[in-house]
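Next come the chains, spelled out residue by residue.
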Amino acid sequence: MALPAQFRSIQHHLRTAQEHEKRDPVVTYYCRLYAMQTGMKLDSKTPECRKFLVKLMDQLESMKKEMSDNESISQEVVGNAHIENYALKLFLYADNEDRAGRFHKNMIKSFYTASLLLDVLSVFGELSEENIQHRKYARWKATYIHNCLKNGETPQPGPLGMDEDEEAGEFGAEGFSGLDPSHGGSFRGGPPSLSSEGQDHSSVPGPAPGIGFTPGPGSAPSGPPTTNYNNIHIPPGAHAPANTPAELPPPTEAVKPVPMPRSVPNVDPTLLSAQQQGGVQLSPEDFTKAQKYCKYAGSALQYEDVSTAIQNLQKALKLLTTGKE
């Protein structure tokens, strides 16, 4: 079923859902949920739009039943942590590649996919100001680097500026599948993968049964940056698996993997024997925040991100023992 023209703005969210069907069904579920909610706001009356939305709802209901025992689906706080953590992992991977001057198809797609997943976070509520800035920066950066490579220009690495009102547009009918890998400045292998064993990453999966689309042409803005984005601080060297289809040619020389040293934050010694202070009254909101920190820690451990896990657990302990963040 073709994507109605009215839903053009969600075409890449649906494509992201398709690409993750086997590798991360939770991402697929929330991308489709975002697409359905957005589609309802765009047009729920036109016959072709209603038919498309009904089909999408059926898919969501089916997925929800199949994954009823998955906490990321049954509990919003866990789902929120899953999507946010994954989006920021993609962002960090792309940002590290960018700062190192390694410009290639996967880093561009990782930037753009991160921005799409930050869109998806809106199904859980309003985005934080930090995520709004990350989304805007990632989308613009993807467009900027894509256009530079397409025009045979060398992108400027690291944080750049952009017009406050300028947001990167769509990447056209083919999305990132139209990018020519030969434009890449460096091919040191693709980003590390979080996919299930045995999955084939050599190409983008086709449309899911019943939900396909033929997106229309788009445009990608360009132009000199004007606003400074140096206030976005990303720790250099952070490892971030980018779960995107790898369509890069194999590296000409075998690259031996170098183990990354883990940066573990110092543990506050007062928290090692933490007990709740007398007179501390915790509100329902405090319990919710503490639970969220613990879920974030659990999600970080899925990616072997010890530093983030420790930081979130410390926040939870401090909140529970002092009533303060």
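From a predicted model like this one, the values you see are computed outputs, not experimental measurements. (Residues numbered from 1 in each chain as written. Predicted model: local features only at pLDDT ≥ 70, side-chain atom pairs only at ≥ 80, totals over all residues. Heavy atoms only, no water.)

1. Details of the overall build of the chain
Put simply, the test is: Labels follow the DSSP assignment, with helices taken as runs of H or I lasting at least four residues and strands as runs of E lasting at least two, numbered in each case from the N terminus. Any pair of residues with heavy atoms lying within 4.5 Å of one another is described as a contacting pair. We get accessible surface area from the Shrake-Rupley algorithm with a probe of 1.4 Å; when it comes to residues, only the shown protein chains can shield them.
Tallying secondary structure elements over the chain gives nine helices and zero strands in all. Put simply, the chain runs from its N terminus to its C terminus through helices and strands in the order α-α-α-α-α-α-α-α-α. Expressed as a percentage of contacts within the chain between residues at least 6 apart in sequence, the contacts between residues at least 24 apart total 81%. Of the roughly 16700 Å² of accessible surface on the chain, 51% is carried by carbon and sulfur atoms.

2. Focus: the packing of aromatic side chains
Where we set the bar: Centre distance within 6.5 Å is the pairing criterion for rings of Phe, Tyr and Trp, where only the six-membered ring of Trp is used; planes under 30 degrees apart are then read as stacked, over 60 as edge-to-face, and the remainder as tilted. Relative accessibility under 20% of the residue-type maximum defines a buried residue, over 50% an exposed one, and the middle range a partly exposed one, all with a 1.4 Å probe and only protein chains included.
Considering all chains together, one arrives at seven aromatic pairs under this definition. Measuring from centroid to centroid gives 5.2 Å for W140 and Y144, while their planes differ by 5°, and the two rings are stacked. Taken as a pair, W140 and Y144 lie in helix α7 (residues 129-150) at a separation of four residues, close to a single helical turn. Across the pair, Y144 and W140 agree in class, each one buried. An aromatic cluster of three or more residues is present, and its members are Y29, Y30 and F124.

3. Things to note about the confidence of the model for the chain
Quick reminder of the rule: For every residue, the predictor assigns a confidence score, pLDDT, that lies between 0 and 100.
Predicted confidence across the chain gives a mean pLDDT of 73, with 62% of residues reaching 70 or more. At the low end of the mean pLDDT range in the chain sits helix α8 (residues 284-302), at 78; at the high end sits helix α6 (residues 105-120), at 96. Scored below 50 in pLDDT, residues 163-170 makes 30 contacts in the model with residues more than four places away or belonging to other chains. This stretch, residues 172-260, has a pLDDT under 50; its non-local contacts, to residues over four places away or in other chains, come to 198 contacts.

4. Comments concerning the nonpolar core
In globular proteins that are soluble, nonpolar side chains generally tend to be buried together. Note the cut-off: By convention a nonpolar core is built from buried Ala, Val, Leu, Ile, Met, Phe, Trp, Tyr and Cys residues, the set being connected through side-chain atoms within 4.5 Å.
If you look at the biggest cluster of nonpolar residues, it comprises 51 residues, and the most contacted ones within it are Y29, Y30, I83, F111, L117 and I145. When contributions to this core are tallied by element, the ones reaching two or more residues are α1 (11-19), α2 (25-42), α3 (47-66), α5 (76-99), α6 and α7. Other than its neighbours up to four places away in sequence, Y29 contacts L60, M63, K64, M67 and I73.

5. With respect to helix α9 (residues 306-322)
Filter applied, for reference: Multiplying 1.5 Å by the residue count of a helix minus one yields the expected span of that helix.
A rise of 1.5 Å per residue sets the reference length of α9, with its 17 residues, at 24 Å; its end C-alpha atoms lie 24 Å apart and thus fit the reference within 8%. Buried within α9 we find S307, A309, I310, N312, Q314, A316, L319 and T321. The positive-phi residue at the C-terminal boundary of α9 is G323, with phi of around 80°.

6. A few points about the pattern of salt bridges
Condition: By salt bridge we mean one thing: a side-chain nitrogen of Lys or Arg within 4 Å of a carboxyl oxygen of Asp or Glu.
For the structure on display, the rule yields eight salt bridges. Here R99 makes a salt bridge to D95, at a shortest N to O gap of 2.5 Å. Of the two residues, R99 and D95 are both situated in helix α5; the distance of four residues between them amounts to about one turn of the helix. Across the pair E97 and R102 runs a salt bridge whose closest N-O atoms are separated by 2.8 Å.

7. What about α7?
Helix length check: α7, at 22 residues, gives a terminal C-alpha distance of 32 Å against a target of 32 Å (1.5 Å per residue), a fit within 8%. The element α7 is largely enclosed, with a buried count of 16 among its 22 residues. Phi turns positive, to about 75°, at G152, one or two residues after α7.

8. Brief notes about the packing of α1 against α2
Basically, it comes down to this: Helix axes are fitted only over the stretch in contact, all axes being lines through C-alpha atoms; the angle between N-to-C directions runs from 0 to 180 degrees. Oblique is the label for any angle not under 35 degrees, not over 145, and not in the 65 to 115 range, which are roughly parallel, roughly antiparallel and roughly perpendicular in turn. Definitions for this section: a left-handed crossing has its near helix turned counterclockwise from the far helix by less than a right angle. A right-handed crossing has that turn clockwise. The nonpolar class holds Ala, Val, Leu, Ile, Met, Phe, Trp, Tyr, Cys and Pro. Asp, Glu, Lys and Arg form the charged class, and all remaining residues, Gly among them, are polar.
At their nearest, the axes of α1 and α2 sit 8 Å apart, and the two run at 160° to each other. By the angle between their directions, the pair α1 and α2 is classed as roughly antiparallel. For the pair α1 and α2, the crossing hand works out as left-handed. Residue-level inspection shows H13, L14, T16 and A17 of α1 in contact with α2, the latter providing V27, T28, C31, R32, Y34 and A35. When its residues are assigned to classes, the contact of α1 with α2 shows six nonpolar, three polar and one charged.

9. As for the packing of α1 against α6
The N-to-C vectors of α1 and α6 enclose an angle of 105°; their axes lie 10 Å apart at closest approach. In terms of orientation, α1 lies roughly perpendicular with respect to α6. For the pair α1 and α6, contact is made by H12, H13, T16 and E19 and by K109, Y112, T113, L116, L117, D119 and V120, respectively. When its residues are assigned to classes, the contact of α1 with α6 shows four nonpolar, four polar and three charged.

10. Concerning the environment of L320
By the element assignment, L320 lies in helix α9. L320 sits in the partly exposed class, given a relative accessible area of 30%.

11. Looking at the environment of H104
To be explicit about the condition: In protein, a polar contact means a hydrogen-donor-capable atom and an acceptor-capable atom, both N or O and within 3.5 Å, with residues adjacent in sequence counting only if both atoms are side-chain atoms; elsewhere, any N or O pair within 3.5 Å suffices.
For H104, the position within the fold is in the loop between α5 and α6. As for H104 and H146, which are separated by 42 residues in sequence, their C-alpha atoms are 8.8 Å apart. A distance of 2.8 Å separates a polar atom in the side chain of H104 from a polar atom in the side chain of E97.

12. As for the environment of F111
Relative to the helices and strands, F111 is located in helix α6. Here F111 falls in the buried class, since its relative accessible area comes to 0%. Taking the C-alpha atoms as reference, F111 lies 9.7 Å from D98; in sequence the two are 13 residues apart.

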